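Spelled out, the chains give:
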Amino acid sequence: MNDQIYQDLKDLHLSGMAQSWMLLQETRKQQEINLQDGLTMLLQAEQDQRSANKTARLIAQAKFRYDASIEEITFNAAAGREQGHILQLATCEYIKQGASVLVTGPAGVGKSFIVTALGHQACLAGYKVRYLNMQKLLELMQMARIESKAAKFFDKMAEVDLLIIDDFGMKVLDGQQLLDFMELIEDRHGRKSTIISSQLPVSSWYDILAKNTTVADAVLDRLAKSSHRIELKGDSMRK
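Structural notes, computed from the coordinates. (Residues numbered from 1 in each chain as written. Predicted model: local features only at pLDDT ≥ 70, side-chain atom pairs only at ≥ 80, totals over all residues. Heavy atoms only, no water.)

Okay, the packing of aromatic side chains next. Going through the model one piece at a time under the given rule, you end up with four aromatic pairs. Between the aromatic rings of Phe-153 and Phe-154, the centroid separation amounts to 5.5 Å while the plane-to-plane angle is 75°, which identifies the pairing as edge-to-face. Both residues of the pair, Phe-153 and Phe-154, count as buried. An aromatic cluster is defined as three or more aromatic residues linked by ring pairs; in this entry it consists of Phe-168, Phe-181 and Trp-205. (Phe/Tyr/Trp six-rings, centres within 6.5 Å; stacked < 30°, edge-to-face > 60°. Buried < 20%, exposed > 50% of the residue type's maximum accessible area, 1.4 Å probe, protein only.)

This is the structure we're talking about:
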């Protein structure tokens, strides 16, 4: 009978309850608890399992390039890794507000690690996240244009709760690239959050977009206005 209950729970896709039921059998505790407590325990196990499965699915869909978490960050105010500021961002309140986060600093100071850690934290909070380096984003936008799927691509990006764009500023944007980037940012402005990391200070971003000063002004206004800033300093941590 106990084996049949376990199998019935599995067949009903209640794997959390099934595992909890098995544990009760193995520890011989099923006779020590009443029906209400037993049901409460099984239901909690199912909720925990589903939550863990959802988090794992969100992390996989984010396609992070690195493994990183808030707990692994070495805080150092002098290097720009100010504990209070980063932990405040870890609450994900900025995502609820649709605000942007701009992370700048020289190569090797931990920009990608911090943005990935913030993305991982967002997944834990149940938000949909997508991580892309800038070159990959440009390739995806170009391919969407070639395949006449641009509208679908931008709609999909607009619905991601947190879009992380790493390594921004490695090349000057012009022509269709610049217009597509403008559309991407415009669709998300005030609705969804965007994190951008760059080796260049924000004051130099205009030069990356200045092939069209009108578009450059519009993009920077949407990104920089009321954004959260993390400005990292110091020598490369890769040394």
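Structure's up, so let's keep going.
So, about the sheet that holds strand β3 (residues 162-168). Judged by pairing direction, the sheet is parallel, and its five strands sit side by side in the order β2-β3-β4-β1-β5 without closing on themselves. What marks the edges here is a single partner per strand, and that holds for β2 (129-133) and β5 (228-231). Direction aside, neighbouring strands of the sheet carry axes that sit 10° apart on average. As paired elements, β2 and β3 share five bridges and run parallel to each other. Paired with Leu-132 across the strands is Ile-165, a residue of β3. (Pairing = 2+ DSSP bridges. Helix = DSSP H or I, 4+ residues; strand = E, 2+ residues; numbered from the N terminus. Axes fitted to C-alpha atoms, helices over the stretch in contact; angles between N-to-C directions.)

Counting 32 residues, the largest nonpolar core has Leu-137, Phe-181 and Leu-209 as its most contacted members. Of all the secondary structure elements, the ones that give two or more residues to this core are α7 (134-146), α8 (150-158), β3, α9 (175-188), α10 (205-209) and α11 (213-224). In terms of residue count, the dominant contributor to this core is α11 (six residues). In contact with Phe-181, not counting residues within four places along its chain, are Met-134, Leu-137, Met-141, Ile-165, Phe-168, Leu-173, Ile-196, Leu-209, Val-219 and Leu-223. (Core = buried A, V, L, I, M, F, W, Y, C linked by side-chain atoms within 4.5 Å. Contact = heavy atoms within 4.5 Å.)

Taken together, the side chains of Leu-35, Leu-39 and Leu-43 define a hydrophobic patch exposed on the protein surface, amounting to about 310 Å² of accessible area. Among the secondary structure elements, Leu-43 is positioned in helix α3 (residues 35-62). Residue class for Leu-43 comes out partly exposed when judged on its relative accessible area of 47%. (Patch = residues over 30% accessible without salt bridge, like charges linked within 9 Å, V, L, I, M, F, W, Y side chains within 5 Å. Areas by Shrake-Rupley, 256 points an atom, 1.4 Å probe, with all protein chains shown as cover. Salt bridge = Lys/Arg side-chain N within 4 Å of Asp/Glu carboxyl O.)

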